[in-house]
Amino acid sequence: MHQSESGNLTIKWNHLDASPALETKIRERFEKLSTCCPSITGGRVTIAPVEKHHRDGNRYQVSIHVSLPGETVIVEHQPRQQPASRLGLSDKRHKSEEIDGSHKDPLVAIRDAFEVARRRLVDHVRRHR
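Since this is a predicted model, take the numbers as computed values, not measurements. (Residues numbered from 1 in each chain as written. Predicted model: local features only at pLDDT ≥ 70, side-chain atom pairs only at ≥ 80, totals over all residues. Heavy atoms only, no water.)

### Observations concerning helix α2 (residues 106-127)
Put simply, the test is: Only DSSP runs of H or I reaching four residues or more are called helices, and only runs of E reaching two or more are called strands; each is numbered from the N terminus. Here, expected helix span is obtained from the residue count minus one, scaled by 1.5 Å. Partly exposed describes any residue whose relative accessible area lies between the buried limit of under 20% and the exposed limit of over 50%, with all areas from a 1.4 Å probe on protein chains only and scaled to the type maximum. Here a polar contact is recorded for every N or O atom pair within 3.5 Å, except that within protein the pair must consist of a potential hydrogen donor and a potential acceptor, and residues adjacent in sequence are included only if both atoms are side-chain atoms.
Under the 1.5 Å per step criterion, the end-to-end length of α2 is 32 Å for 22 residues, consistent within 8% with the ideal 32 Å. If you check which residues of α2 are buried, you get Pro-106, Val-108, Ala-109, Ile-110, Asp-112, Ala-113, Phe-114, Val-116, Ala-117, Leu-121, His-124 and Val-125. The distance from a side-chain oxygen at the start of α2 to the backbone nitrogen of Leu-107 is 2.9 Å, and the residue carrying that oxygen is Asp-105.

In structure tokens:
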């Protein structure tokens, strides 16, 4: 696990090599969160591959912990998969049942996780007004 820390944000890379480009994107997105919730005091972002699969490739899970005075907003964002049993299928998998392919790109997984975090922070601000 690699970890980088600067200012009030810590980025953890679980089973993944640190990437300067991804780190820059994470820091930019974290700074943007302060526009919708200026009371942010710090945070931690963890990015990790969910699994390695020879056929489907890696998918990424992003965890965001945003520290606010007196509480923490947590977003755990990972790819979804429709279970075959729910679709009435046997063990055979069809392309339509594939795990959310967008999370094969770590930038997309980061974007989606920060969008969820932004919505939660906006709701948090509304509740506390």
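### Comments concerning the pairing of strand β5 (residues 71-77)
Heads up, the rule is: Here the rule is simple: two strands pair whenever DSSP picks up at least two bridges between them.
In the sheet, strand β4 (residues 59-68) pairs with β5 via seven bridges, with the strands oriented antiparallel. For His-65, the partnering residue across the bridge sits in β5 and is Ile-74. Linking β4 to β5, which pair antiparallel, is a turn of two residues; within it Gly-70 sits at a positive phi near 85°.

### Things to note about helix α1 (residues 20-36)
Defined as follows: Note that the arc is computed from the directions linking the helix axis to the C-beta atoms.
Helix length check: α1 (17 residues) gives 26 Å between terminal C-alpha atoms against 24 Å at 1.5 Å per residue, within 8%. Among the residues of α1, those classed as buried are Leu-22, Glu-23, Ile-26, Arg-27, Phe-30 and Leu-33. With its buried residues spanning 135° around the axis, α1 presents them on a single face. Exposed side chains of α1 directed beyond 90 degrees from the buried face belong to Pro-20, Ala-21, Glu-31, Lys-32 and Thr-35.

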